Amino acid sequence: MTNVKINSVAKNYGQVSVLSDITTQFPEGSFTSLLGPSGSGKTTLLRIVAGFVTPDSGTVSIGSRNVTNVPVWARNIGMVFQSYALFPHMTVRENVAFGLARRGIKGAEARSQIDRALEMVRLPGFGDRKPKQLSGGQQQRVALARALVIQPSVLLLDEPLSALDRRLRQEMQVELKRIQRETGLTTVFVTHDQEEALALSDQVAILDRGQIVQMGVPTDIYEKPKTRFAAEFLGDTNFLTGTVSARIVTLSDGTAIRLADAEVAPSDGQSVTLAVRPEKIRIVEGVADAEPGLNRLQARVTAVIYAGAALTYVLTASDGTPFKIFAQNTTGTIIPEGAQVTLTWEPKHTILLQDQA
Ligand SMILES: Nc1ncnc2c1ncn2[C@@H]1O[C@H](COP(=O)(O)OP(=O)(O)O)[C@@H](O)[C@H]1O
Ligand SMILES: [Mg+2]
């Protein structure tokens, strides 16, 4: 069993609290992304799992073993950093062999394990090259081979793709996912790229100022953000504020927005913040009736961003709130700036946030 358990972990640097009371689990064989803005504590959390940083309090367990006081080399962890950290004077083979030598694995056994690792990252035949004779993507594959060759029980990746250009990054995302599936390794992946996190992960943890503010499967994280921070950090969102009464939220101009049936409505009279994703909203020109059961909001177009296949409408809602919607260019007709429009969406796409309005 190689699930990773983090229990009440806290870390301060001087007076600064970098992680406060983190309790979470990375299940065996799962791919978890730690997603958050720069400085939110992602690297620190990863380094605590690896053993490079000791928490001030709390424990880290790998499988059934409490490793909080176990040194890095005895944790059996493979780690890949943003900077590939390859030894420039060594060949690819020598770089990959590095971790094996420290474990006393040499000769034919080491050779076959190195070959296997280089095949895994699709670099067989590159063993005699030096890092500078490789592209950025290939260097990162070598770093990955070096992490995999020791047959770790956990793979930790700290923004390994962020130095690559967009095309290479997408290629490596596919490779990473393949390798993770083939090896079944419990993997923790740090990124500040939301799409990368959604595309690769079984679960995503969103960090904000040293705390995990939400964790779940990608669809829940995107469709059901709990806070304004989570909704804004992951994707585009519109926010509305109003007052609740009998599961209806009334905006300042009197527009009534119905909450999803599944939503536990707060008590009447409370101010709340709602979120609606821009792609969930339909737009028609003019003041139109909504189909029964849909939420409806009047707005005015303030700008149209034409991108060929899709359009972004920037709007001002009838209560004065800035709004944004994405529309597929199915009809070829563009609603002009200044037009009065009607927006509709299903109540189930109205997200009730937990923040106080
Ligand atoms: N060794 C250190 N000494 C002092 N402060 C640190 C140290 N490492 C990280 N920090 C601080 O901790 C916070 C979180 O850093 P980090 O974990 O690297 O965040 P992230 O990886 O999410 O960008 C930052 O404010 C950073 O400046
Ligand atoms: Mg970092």
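For clarity, every value in this text was computed on a predicted model and none was experimentally measured.

The rules we used
- Residues numbered from 1 in each chain as written.
- Chains lettered and ligands numbered in written order.
- Predicted model: local features only at pLDDT ≥ 70, side-chain atom pairs only at ≥ 80, totals over all residues.
- Heavy atoms only, no water.
- Domains from an automatic or database assignment.
- Contact = heavy atoms within 4.5 Å.
- Buried area = accessible area lost by both parts, 1.4 Å probe.
- Near = heavy atom within 4 Å.
- Polar contact = N/O pair within 3.5 Å; in protein donor to acceptor, adjacent residues only side chain to side chain.
- Areas by Shrake-Rupley, 256 points an atom, 1.4 Å probe, with all protein chains shown as cover.
- Helix = DSSP H or I, 4+ residues; strand = E, 2+ residues; numbered from the N terminus.
- Nonpolar A, V, L, I, M, F, W, Y, C, P; charged D, E, K, R; others polar.
- Salt bridge = Lys/Arg side-chain N within 4 Å of Asp/Glu carboxyl O.
- Buried < 20%, exposed > 50% of the residue type's maximum accessible area, 1.4 Å probe, protein only.
- UniProt positions renumbered as here; feature names shortened; annotations may be inferred.
- Phe/Tyr/Trp six-rings, centres within 6.5 Å; stacked < 30°, edge-to-face > 60°.
- Lys NZ or Arg CZ within 6 Å of the ring centre and 35° of its normal.

### Thoughts on the domain arrangement of the protein
We note that the domain assignment places domain 1 (4-229) and domain 2 (236-352) within the protein. Domain 1 and domain 2 are separated by 40 Å when their C-alpha centres are compared. The interface of domain 1 with domain 2 comprises six residues on the first partner and seven residues on the second. Interface area, domain 1 with domain 2, both sides summed: about 700 Å², of which 43% is carbon and sulfur.

### With respect to the site of ligand 1
Taken together, the neighbourhood of ligand 1 is formed by Tyr 13, Val 18, Pro 37, Ser 38, Gly 39, Ser 40, Gly 41, Lys 42, Thr 43 and Thr 44. Ser 40 has a polar backbone atom sitting 3.2 Å from an oxygen atom of ligand 1. The contact in question runs from an oxygen atom of ligand 1 to an N or O atom on the side chain of Thr 43, over 2.8 Å. In isolation ligand 1 exposes 560 Å². Once the protein is present, 56% of that is buried. Per element, the largest residue contribution to the shell around ligand 1 is three residues, and it comes from helix H1 (residues 42-50). When its residues are assigned to classes, the shell around ligand 1 shows three nonpolar, six polar and one charged.

### Quick word on the pattern of salt bridges
One pass over the structure, following the stated rule, counts 16 salt bridges. Here Glu 175 makes a salt bridge to Arg 122, at a shortest N to O gap of 3.1 Å. Remark: Arg 122 occurs in the loop between helix H3 (107-120) and helix H4 (136-148) and Glu 175 occurs in helix H5 (residues 166-183); sequence separation between them is 53 residues. Put simply, Arg 169 and Glu 196 hold a salt bridge, and the shortest N to O gap is 3.5 Å. Residue Arg 169 is found in helix H5, and its partner Glu 196 is found in helix H6 (residues 194-200); the two are separated by 27 residues along the sequence. Taking the relative accessible area as the measure of exposure, Glu 196 reaches 5% and is therefore buried. Salt bridges sharing common partners tie together Arg 122, Arg 141, Arg 167, Glu 171, Glu 175, Arg 178 and Glu 182.

### Digging into the UniProt feature "domain: ABC transporter" (unreviewed entry) in the protein
According to UniProt, the feature "domain: ABC transporter" (unreviewed entry) maps to residues 4-234 in the numbering used here. End-to-end, the C-alpha atoms of residues 4-234 are 25 Å apart, and along that stretch the chain is 36% helix and 26% strand.

### Concerning the packing of aromatic side chains
By the definition in use, this model includes five aromatic pairs. Seen from their ring centres, Phe 87 and Phe 98 are 4.8 Å apart, and the 55° between their planes marks the pair as tilted. Pair noted here: Phe 87 is in the loop between strand E6 (77-80) and helix H2 (92-102) and Phe 98 is in helix H2, with a separation of eleven residues, a long-range link. For Phe 98, a relative accessible area of 30% puts it in the partly exposed group. The ring of Phe 239 is capped by Arg 228, whose NZ or CZ atom sits 4.1 Å from the centre of that ring. Taking NZ or CZ as reference, Arg 277 lies 4.0 Å from the ring centre of Tyr 222, over its face.

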